[in-house]
Amino acid sequence: MSSSENSATDVINFFIDGQPVAAEPGWTILETARHHHIHIPTLCSHPAVTPWGSCRLCVVETRYGKRVQVIPSCLNPPVAELEVFTQSERVKNVRRWVLEMLLAECPASREIKKLAAAHGVTATRFAITDPEEECLRCGLCVAVCNEVVGVQALTFGSRGVKKVLETPYRVPNNACIGCGCCVSVCPTGALQKRLDTVRGDLSRRTGHGFAH
Ligand code: FES
């Protein structure tokens, strides 16, 4: 049976950095790499929520026949016989470029600085809009609040470069149960300071809008 004829229940055999690996149907390249203890750096990916590919740090190079691509590993499933490279020169270059963009986007984040430095990036050529910004706007906090906690206390306002993390209608949100899930998944440390803005004054809660 050829690779394109694999049934939906077959494991998918492919290669990561030359190592043979097997993916369960439905797994992404990133999930397979994690399962086999192969490290791919990520920021916006969390196993508890649907991936949506906002940070682009998880890029890998893939080769399938003559087709060579650089793609986000958290969004793409493997196919049989695919070759994936997590440390090629091309991947390292794209990763450094992504980290420079992230440094410009949230220059006050110690986590991003640390991560960038670990990849040899200590400065950015991109314009910094707000030197105090720590939020990457990766959406992980919004996703975990929505998909895991189920209270939708957070959202994004505006679009494009003006996109900002906020509560619906920009008021402290009584739906927030103060669980701290958003803080714990935040990859840049931005939400630690913002939690009180999101949930408001706990002593004045009415109880309406809490998750049950
Ligand atoms: S982890 Fe894949 S795009 Fe962020």
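Read on for an overview of the structure. All values derive from a computational prediction rather than experimental measurement.

## Observations regarding the overall build of the chain
Scanning the chain from N- to C-terminus turns up six helices and seven strands. When the 212 residues of the chain are sorted by exposure, 41% land in the buried category. Of the roughly 12100 Å² of accessible surface on the chain, 53% is carried by carbon and sulfur atoms.

## As for the pairing of strand 1 (residues 12–16)
What you see with strand 1 is a clean split: Ile 12, Phe 14 and Ile 16 sit on the buried side and Asn 13 and Phe 15 on the side with no burial. When strand 1 meets strand 2 (residues 19–23), the two strands line up antiparallel, connected through five bridges. Each residue of the ladder has a partner; that of Ile 12, found in strand 2, is Ala 23. The antiparallel hairpin formed by strand 1 and strand 2 contains two residues in its connecting segment, where Asp 17 sits at a positive phi of about 50°. The sheet contact formed by strand 1 and strand 5 (residues 83–85) spans two bridges and is parallel. By the bridge assignment, Phe 15 is partnered in strand 5 with Glu 83.

## What to know about the pattern of salt bridges
Tallying each qualifying case throughout the model produces five salt bridges. Of the charged contacts in the structure, one is a salt bridge between Lys 114 and Glu 111, with a shortest N-O distance of 3.9 Å. Placement of both Lys 114 and Glu 111 in helix 3 (residues 110–118) is noted, with a separation of three residues, approximately one turn of the helix. Classification of Lys 114 as exposed rests on a relative accessible area of 56%. Taken together, the shared-partner salt bridges in this structure form one network comprising Glu 61, Arg 63 and Arg 90.

## Things to note about the sheet that holds strand 3 (residues 59–64)
To summarise the sheet geometry, strands pair through backbone hydrogen bonds and adopt either a parallel or an antiparallel arrangement. What the five strands build is an open sheet, ordered 2-1-5-3-4; its pairing is mixed. In this open sheet, the two strands that pair with only one neighbour each are strand 2 and strand 4 (67–72). Sheet twist, expressed as the average angle between the axes of neighbouring strands with direction ignored, equals 30°. Two strands pair when backbone bridges link them, and strand 3 and strand 4 are joined in this way by six bridges, in the antiparallel orientation. Each bridged residue has a counterpart across the sheet, and for Glu 61 the counterpart in strand 4 is Val 70. The sheet contacts of helix 2 (residues 89–105) involve strand 3, strand 4 and strand 5, and relative to strand 3 the element is tilted by about 150°.

## Considering helix 4 (residues 140–149)
For helix 4, a buried count of seven out of ten residues is recorded, marking the element as mostly surrounded by other parts of the structure. Within the span of helix 4, buried status applies to Leu 140, Cys 141, Val 142, Ala 143, Val 144, Cys 145 and Val 149. Within two residues after helix 4, Gly 150 carries a phi angle of roughly 75°, on the positive side.

## Structural notes on helix 2
With 17 residues, helix 2 extends 24 Å between its outermost C-alpha atoms, agreeing within 8% with the 24 Å of an ideal straight helix rising 1.5 Å per residue. Taken together, the buried positions of helix 2 are occupied by Val 91, Arg 95, Val 98, Leu 99, Glu 100, Leu 102, Leu 103 and Ala 104. Close packing links the buried residues of helix 2 with strand 3, strand 5 and helix 3.

Basis of the calculations
- Residues numbered from 1 in each chain as written.
- Predicted model: local features only at pLDDT ≥ 70, side-chain atom pairs only at ≥ 80, totals over all residues.
- Heavy atoms only, no water.
- Helix = DSSP H or I, 4+ residues; strand = E, 2+ residues; numbered from the N terminus.
- Buried < 20%, exposed > 50% of the residue type's maximum accessible area, 1.4 Å probe, protein only.
- Areas by Shrake-Rupley, 256 points an atom, 1.4 Å probe, with all protein chains shown as cover.
- Pairing = 2+ DSSP bridges.
- Salt bridge = Lys/Arg side-chain N within 4 Å of Asp/Glu carboxyl O.
- Axes fitted to C-alpha atoms, helices over the stretch in contact; angles between N-to-C directions.
- Contact = heavy atoms within 4.5 Å.
- Expected span 1.5 Å × (residues − 1).

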